[in-house]
Amino acid sequence: MYADLHLHTNFSDGTYTPEELSGHGKRVGLKVMSLTDHDTIDGCARMAVACAELDIEFISGCEFTVELDGFELHLLGYFLDLENTRLLSELAKYQEVRRNRIHEMVAKLNGLGIAITSENVMRIANCDAPGRPHIGRALVELGHCRNLDESFQKWLKKGKPAWVPKAKLSAGEAINLIHDADGLAVLAHPGLYHRDEVIPPLVELGMDGLECLYTRHSTPMTEHYLMLTEQYSLLVTGGSDCHGENKGKPLIGAVKVPVSFIEKMKSAVAV
Ligand code: AMP
Ligand code: ZN
Ligand code: FE
Ligand code: FE
């Protein structure tokens with residue numbers, strides 16, 4: 001009985017529709033799924049219906065792009081009230097930031113002599129929360145590079161010539177927003193930052209959990225973060241971060257989260 005609590009669809013930079021994603025979840029035997037698209041909850045309503053049809057429990061979610069001390073972190077929100085107006089208006093603001101950033105990055109690429117338009121990117125993105133993977137896919141489609149990874153290495157990664165910084169919610173604002181929407185705030189993929197010093201201030205700000213189980217966490221890393229959840233009395237979550245077929249074979253279900261963890265999360269929501 002397993003869950004996967006970190007998944008993306010084409011409402012942000014994943015390639016599957018909610019219906020396709022839930023279908024893959026069923027195929028790999030998932031009992032519980034959460035959808036955590038970047039800075040949007042717009043796919044959650046369709047995902048809820050698709051999961052219900054397949055007898056999969058659905059938990060609403062979102063992966064918020066936030067900053068703490070000038071550093072970008074991803075915070076997962078779970079059990080969010082999808083009708084919360086403050087949440088919806090804040091997300092709309094950051095989706096606009098994402099759309100504007102596409103124009104700015106395309107302008108930088110043009111400045112480098114690369115023929116690409118925002119329309120090329122937005123046709124591929126076809127959503128309100130576009131991101132760098134959509135620019136990368138457009139660059140591949142237009143023949144400017146061979147694959148997504150090459151587009152990041154050459155142009156899109158932080159510090160590369162087409163990179164543009166992105167305005168973000170502060171971690172404190174995001175945690176408040178998640179709690180205001182009756183949700184739980186969890187630090188996504190802590191092992192990817194190499195900055196454990198962010199954890200005590202996040203705990204101080206009211207963060208509820210750590211995503212200990214994660215595709216790119218080694219076993220010692222997972223054990224380390226499990227130990228920190230004990231130390232700070234935090235919840236344990238996990239997920240694959242499947243983006244569909246962006247990055248080779250689908251990762252969905254690759255991280256097996258026992259459903260007993262979900263019960264602990266529900267008890268924390270109820271408090
Ligand atoms: P953005 O939200 O526009 O800042 O883009 C960040 C997203 O790009 C991440 O959430 C990943 O899904 C994706 N990403 C980051 N690095 C790479 C890479 N080297 N190759 C492919 N996708 C990447
Ligand atoms: Zn992503
Ligand atoms: Fe992330
Ligand atoms: Fe993610």
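Each remark here, short or long, concerns the structure printed above.
Residues numbered from 1 in each chain as written. Chains lettered and ligands numbered in written order. Predicted model: local features only at pLDDT ≥ 70, side-chain atom pairs only at ≥ 80, totals over all residues. Heavy atoms only, no water.

Enquirer: Where do I start with the sheet that holds strand 1 (residues 2-4) in this structure?
Expert: Backbone-to-backbone hydrogen bonds join strands into a sheet, with any given pair of strands oriented parallel or antiparallel. The sheet built from four strands is open, its strands ordered 3-2-1-10 with mixed pairing. Looking at strand neighbours, the two that pair on one side only are strand 3 (57-59) and strand 10 (257-258), the edges of this open sheet. In terms of strand pairing, strand 1 meets strand 2 (residues 30-34) through three bridges, oriented parallel. Its bridge partner being in strand 2, Ala3 is matched across the sheet by Val32. Contacts between helix 2 (residues 44-53) and the sheet are confined to strand 2 and strand 3, with strand 3 contributing the most and set at about 165° to the helix. (Pairing = 2+ DSSP bridges. Helix = DSSP H or I, 4+ residues; strand = E, 2+ residues; numbered from the N terminus. Contact = heavy atoms within 4.5 Å. Axes fitted to C-alpha atoms, helices over the stretch in contact; angles between N-to-C directions.)

Enquirer: Explanation requested: the pattern of salt bridges in the structure shown.
Expert: Between side chains of opposite charge, a pair can form as their charged atoms come close. Summed over the entire model, instances satisfying the criterion amount to eleven salt bridges. The salt bridge involving Glu263 is made with Lys266; its shortest N-O contact spans 3.9 Å. With a gap of three residues between them, Glu263 and Lys266 both fall in helix 10 (residues 260-270), about one helical turn apart. Looking at Glu263, the relative accessible area reads 45%, which means it is partly exposed. Several salt bridges share partner residues, and in doing so they unite Glu57, Glu263 and Lys266 into one network. (Salt bridge = Lys/Arg side-chain N within 4 Å of Asp/Glu carboxyl O. Buried < 20%, exposed > 50% of the residue type's maximum accessible area, 1.4 Å probe, protein only.)

Read these as layout, nothing more, since geometry by itself doesn't imply function.
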